[in-house]
Amino acid sequence: MNFEEAEKIDGLRLSWNVWPTTRLEQVKMVIPLGVMYTPLMNQQECFRCEYPALQCRKDSCQAILSPWSEVDWTNKLWVCPLCLTRNVFPPSYNHISPQNMPSELDQNATTIEYEQAIPVGNPAGAQSTATQAQQSPAFLFVIDTAIPENELEAIKASIEQTLATLPEDCLVGLITFGKHVNVHEIGYTQCNKCIVFRGDIHNDEEKLKNFTVDRIKHLLEVQPMQTGIARFFQPIADVLSDFNEILEGITVDQWRAQRACRPDKCTGVACQVAVALMEACLPAYNGRIMLFSGGPPTVGPGRVVESSLAKHLRGHRDIVKGKAPLYEPACKFYNALSNRCVSNSHVFDIFACSLDQLGIAEQRIMCDNTGGCLVLSDTFTTSVFEESFNGLFYSYEVPVEDEAKDGDADEEAFGQTVLAMTFNGEIKIRCSRQIKVSGCMGAVSSMNETSTTCISSNEVGLGQTTKWSIGGL
């Protein structure tokens, strides 16, 4: 098999297909050794094992059994190809032989998926296995209402159309914002009830200092172990009609822009409340925060420009020369929010549609660190937004296997609609002691794993670790 065929199978492309054999050859290399990896590139032909991976017993190695491992069939031992440690096969491998090899030792099994059913939490009536949890994520829609009415109607129409195609066990929640933030309690059926957070708090240093994610979680009074999260998140099957009524009732923000001023938008506060709500209700649960923004944040933490039109939005030259006083605080603010999302396996998507700048230079780190989707367009009424938003919810049906047809398996488990999205992706590098890892470049965030001996002192990209989080895929 040549390297082009292997690339189509594994999704790997190396900068050099022949590695240097001496230190002098390494020094003469102009382009350093690197690997470009495309996760989930070949799902149809990928080997799958319904058991956990067999790892090397050495803590600083933790390599897994692979086609490059040497096997002692008589004594049921395998030698780690990286650290040369001899490992004993567990009892479940007693039946193996050169004629009956496990999938890990197949020469064509260079990429393997290990499928495991790991028990997870059971929020709002969700299923109790990790596989099902990936099929029924939570979606929190954060909608900007300080935009023209026709654009707001386009957002609502796109969301309503998407909800009708999602699996019925997906959880949904809703936040709207303009000058202030409204957290809608969709579980309260008597009337449209919401919790309001003030957005224009940037002028009060004391309030700004105390307004943290932990403080918001305390104010929301969520009790995850009981039915408290049902106030804000409900399965689509139980709340679809009520949710659509709430969407229809959303109107343009009543706080009109003053003369010669931009509309008041507390986008930063809305993002902070959304992160706090997801963290309080669904910690470590697969979910997406979807922000629909129609202009730059002008009030509250994370603002990128003053409300007055006399103050121009910073440009690239202003950032380079240090003449953008709001740039660094905003970047620090959104970076802190992205770290909270990463620690809870939550993905942050931004759909930014405006004819003017929106401050994406400060906000994009939330998408980069969590593996989210960033879409830029002129207005929410264009096909760019509609096609991008609908394409994010691409789904497929699980095929019915012949063995399952004849067996006693649950019929409902086959032929069901599954979203083509994954969560909590991680990249972990393991290599021999002669090779050092300089870093990773791309939409990843460091997981600060330093227990291995293959970390290089020459940092390239995001280094000083061998494990990174790529969030959603």
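Residues numbered from 1 in each chain as written. Predicted model: local features only at pLDDT ≥ 70, side-chain atom pairs only at ≥ 80, totals over all residues. Heavy atoms only, no water.

Colleague: Sorry if this is basic, but what is going on with the overall build of the protein here?
Modeller: Scanning the protein from N- to C-terminus turns up 14 helices and 20 strands. Relative to the compact-globule value of 23 Å for 473 residues, the protein shows a C-alpha radius of gyration of 25 Å, a close match. For the protein, long-range pairs separated by at least 24 residues make up 68% of all intrachain contacts whose partners lie at least 6 apart in sequence. Carbon together with sulfur atoms contributes 50% to the accessible area of the protein, which is approximately 25,500 Å² in total. Averaging the positions of the 38 positive and the 57 negative side-chain charges in the protein gives two centres separated by 13 Å. (Helix = DSSP H or I, 4+ residues; strand = E, 2+ residues; numbered from the N terminus. Rg over C-alpha atoms; globule rule 2.2 N^0.38 Å. Contact = heavy atoms within 4.5 Å. Areas by Shrake-Rupley, 256 points an atom, 1.4 Å probe, with all protein chains shown as cover. Lys, Arg positive; Asp, Glu negative; His and termini not counted. Charge placed at Lys NZ, Arg CZ, Asp CG, Glu CD.)

Colleague: Explain the confidence of the model for the protein here, please?
Modeller: Put simply, the protein has an average pLDDT of 84, and 90% of its residues get 70 or more. Residue range residues 124-134 is modelled with pLDDT below 50. Its contacts to residues more than four positions away, or to other chains, number 22 contacts. Of the regions scoring below 50 in pLDDT, residues 403-413 engages in four contacts with residues more than four places distant in sequence or in other chains. (pLDDT = per-residue confidence, 0-100.)

Colleague: Is there a simple way to explain the pairing of strand S10 (residues 181-184) in this structure?
Modeller: Within a regular beta strand, the side chains point alternately toward one face of the sheet and then the other, so they alternate between its two faces. Bridge count for strand S9 (residues 171-177) against S10 is three bridges, and the pairing is antiparallel. Opposite Thr-176, over in S10, you have Asn-182 as the bridge partner. Counted between consecutive antiparallel strands, the loop separating S9 from S10 contains three residues. In this structure, S10 lies alongside strand S11 (residues 194-197), joined through four bridges in antiparallel fashion. Opposite His-184, over in S11, you have Cys-194 as the bridge partner. (Pairing = 2+ DSSP bridges.)

Colleague: Would you mind going over the layout of surface pockets with me for this structure?
Modeller: Taking a probe equal in size to a water molecule and rolling it over the atoms shows the remaining empty space. In this structure, the second largest pocket encloses a volume near 500 Å³. If you trace the second largest pocket, you find 19 residues lining it, with Leu-208, Pro-301, Gly-302, Pro-329 and Phe-333 closest to the centre. Looking at the lining of the second largest pocket, the elements that each hand over two or more residues are helix H5 (205-210) and helix H10 (327-343). For the lining of the second largest pocket, the leading source of residues is H10, giving six residues. Looking at the lining of the second largest pocket, its residues break down into ten nonpolar, five polar and four charged. (1 Å grid on protein atoms, 1.4 Å probe; cavity = no way out; pocket = protein on both sides within 12 Å on 5 of 7 lines; lining within 4 Å. Points joined across faces, edges and corners; volume = space filled by probe spheres on them. Nonpolar A, V, L, I, M, F, W, Y, C, P; charged D, E, K, R; others polar.)

Colleague: Would you mind going over the pattern of salt bridges with me for this structure?
Modeller: Inspection of every chain in the model, using the stated rule, returns 18 salt bridges. For Lys-193, the salt bridge is made with Glu-185, and the minimal N-O distance between the two is 3.9 Å. Look at Lys-193 and you get partly exposed, because its relative accessible area is 36%. Overall, the relative accessible area of 6% leaves Glu-185 in the buried class. Across the salt bridge formed by Arg-364 and Asp-368, the nearest N and O atoms sit 3.1 Å from each other. What you see here is one network of salt bridges that share partners, running through Asp-214, Lys-217, Glu-279 and Arg-340. (Salt bridge = Lys/Arg side-chain N within 4 Å of Asp/Glu carboxyl O. Buried < 20%, exposed > 50% of the residue type's maximum accessible area, 1.4 Å probe, protein only.)

Colleague: Looking at this structure, I do not really get the sheet that holds strand S5 (residues 77-79). What am I missing?
Modeller: In any sheet, the strands associate via hydrogen bonds between backbone groups, in a parallel or an antiparallel arrangement. Ordered by their spatial adjacency, three strands build an open sheet running S4-S5-S6, and the pairing between neighbours is antiparallel. Sheet topology places strand S4 (70-72) and strand S6 (86-88) at the edges, where each strand pairs with a single neighbour. Mean inter-strand twist for the sheet, computed between neighbouring axes without regard to direction, equals 25°. (Axes fitted to C-alpha atoms, helices over the stretch in contact; angles between N-to-C directions.)

Colleague: Would you mind going over the side chain of Ser-456 with me for this structure?
Modeller: By the element assignment, Ser-456 lies in the loop between strand S19 (445-446) and strand S20 (467-471). Here Asn-458 takes part through its backbone nitrogen, which lies 3.1 Å from a polar atom of the side chain of Ser-456. Once you skip the residues sitting within four places of it in the chain, Ser-456 turns out to touch Lys-436, Val-437, Ser-438 and Gln-464. (Polar contact = N/O pair within 3.5 Å; in protein donor to acceptor, adjacent residues only side chain to side chain.)

Colleague: Before we go on, may I ask you to explain empty space enclosed by the protein in this structure?
Modeller: A complete count under the given rule lists one cavity of 30 Å³ or more for this structure. Empty space within the largest cavity amounts to approximately 50 Å³. Considering the residues around the largest cavity, the lining is formed by Cys-341, Val-342, Ser-345, His-346, Asn-369, Thr-370, Asn-424, Ser-469 and Gly-471. Mapped by element, the contributors of at least two residues to the lining of the largest cavity are H10, helix H12 (365-370) and S20. Residue composition of the lining of the largest cavity, by class: two nonpolar, seven polar and no charged.

Colleague: How do you make sense of the pairing of S20 when you look at a structure like this?
Modeller: By the criterion of burial, S20 is predominantly enclosed, with five of the five residues buried. Because side chains alternate across S20, one face comprises the buried residues Lys-467, Ser-469 and Gly-471, and the other comprises Trp-468 and Ile-470, equally buried. With four bridges joining them, strand S18 (residues 425-428) and S20 adopt antiparallel strand pairing. Residue Glu-426 lies in a different strand from S20, and its bridge partner there is Ser-469. Note: S19 against S20, two bridges, orientation antiparallel. Residue pairing in the sheet places Ser-446 in a bridge with Trp-468 of S20.

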